[in-house]
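What the coordinates show
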Amino acid sequence: MIQLKNIRIPTLVTALAVTLFFGCESNFKDVQKINYSEFVPASDADTVDVKYTDSGRITGVLKSPKMLDYATVAFPFTDFPKGIDVTLYDKKGKRTFIVANYAVSYKQTGIIDLQGNVRISSEAGQKLETEQLFFDQKNEWFYTERKFKLTDNTKGVSYGQGIDFSKDFKIINSQRVSGELETKE
């Protein structure tokens, strides 16, 4: 008789545990839904044409077919999934043109990440092509560690990997360069 009692207790405990496990499953899914938050933009715009000004002077014009603004997330950013076309103006009115297939602008850092067939050119005839380029808005400085092609109408064409430069191309620091360039030295 003692053996029968020992067999019935483990069976009873197992049956109770299985019942509790399957009984709590639907409640657990409900709890998961409570903590779930969708990652959606705070605003969504099509055919964007934005003009940036400083003291009444236009400093930039941004055009994009699509803009998604994630202003309510912990690290806010603006996404341009269909690319951008930007014109920057310096204090003398000289323009720098930027085109990329994709861009994301991080609000807290002021960094813009340009990706996919990135082309930047100046009115003076300088042109840089790469697959990814970052722009530091505060310092008006571009940089990348990716491969690039730099074309200058008066100095020639160079290729390299890693470059940083001012938005007007007056200061250029490049790494691992090949090609023919005319220099003052």
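Residues numbered from 1 in each chain as written. Predicted model: local features only at pLDDT ≥ 70, side-chain atom pairs only at ≥ 80, totals over all residues. Heavy atoms only, no water.

With that out of the way, let us pick up the packing of aromatic side chains. Tallying each qualifying case throughout the model produces 7 aromatic pairs. With 6.3 Å between their ring centres and 45 degrees between their planes, Phe77 and Tyr106 make a pair best called tilted. In this pair, Phe77 is assigned in strand 3 (residues 77-80) and Tyr106 in strand 6 (residues 102-106), connecting sequence segments 29 residues apart. Judged by its relative accessible area of 14%, Phe77 falls in the buried class. Considering the side-chain rings of Phe165 and Phe169, the 4.9 Å spacing of their centres and the 15 degrees angle between planes classify their relative orientation as stacked. Residue Phe165 is classed as buried on the basis of its relative accessible area of 1%. Under the relative-accessibility criterion, Phe169 is labelled buried at 4%. Put simply, the rings of Tyr70, Phe75, Phe77 and Tyr106 touch in pairs and so form one group of aromatic residues. (Phe/Tyr/Trp six-rings, centres within 6.5 Å; stacked < 30°, edge-to-face > 60°. Helix = DSSP H or I, 4+ residues; strand = E, 2+ residues; numbered from the N terminus. Buried < 20%, exposed > 50% of the residue type's maximum accessible area, 1.4 Å probe, protein only.)

This part takes up the pattern of salt bridges. What the rule picks out here adds up to 6 salt bridges. With a shortest N-O distance of 2.7 Å, Asp69 and Lys107 are connected by a salt bridge. Separated by 38 residues along the polypeptide, Asp69 in strand 2 (residues 57-70) and Lys107 in the loop between strand 6 and strand 7 (111-122) bring together distant segments of the chain. Counted as one network, the salt bridges with shared partners bring together Asp44, Asp46 and Lys66. (Salt bridge = Lys/Arg side-chain N within 4 Å of Asp/Glu carboxyl O.)

Following the sequence through the fold, Ile171 ends up in the loop between strand 10 (156-166) and strand 11 (172-174). Overall, Ile171 belongs to the partly exposed group, its relative accessible area being 45%. Excluding anything up to four places from it in sequence, Ile171 contacts Trp141, Asp164, Phe165 and Ser166. (Contact = heavy atoms within 4.5 Å.)

Summarising the sheet, strand 5 (residues 95-100) and strand 7 pair through 4 bridges and their orientation is antiparallel. Bridged to Thr96 within strand 7 is Ser122. Inspection of the sheet shows strand 6 paired to strand 7 by 5 bridges, in the antiparallel sense. Bridge pairing in strand 7 links Val104 to Asp113. Hairpin connection of strand 6 to strand 7: 4 residues between the antiparallel strands, including Gly110 at a positive phi of 75 degrees. In the sheet, strand 7 pairs with strand 8 (residues 126-136) via 9 bridges, with the strands oriented antiparallel. Bridge assignment links Arg119 to a residue of strand 8, and that residue is Glu129. (Pairing = 2+ DSSP bridges.)

Let us now look at unusual backbone geometry. Its identity is not glycine, yet Thr47 carries a phi of approximately 50 degrees, on the positive side. Mapped onto the secondary structure, Thr47 falls in strand 1 (residues 43-54). A positive phi angle, close to 55 degrees, is found at Ser55, a residue other than glycine. In this structure, Ser55 sits in the loop between strand 1 and strand 2.

Take it as geometry only, folks, not as evidence of what the structure does.
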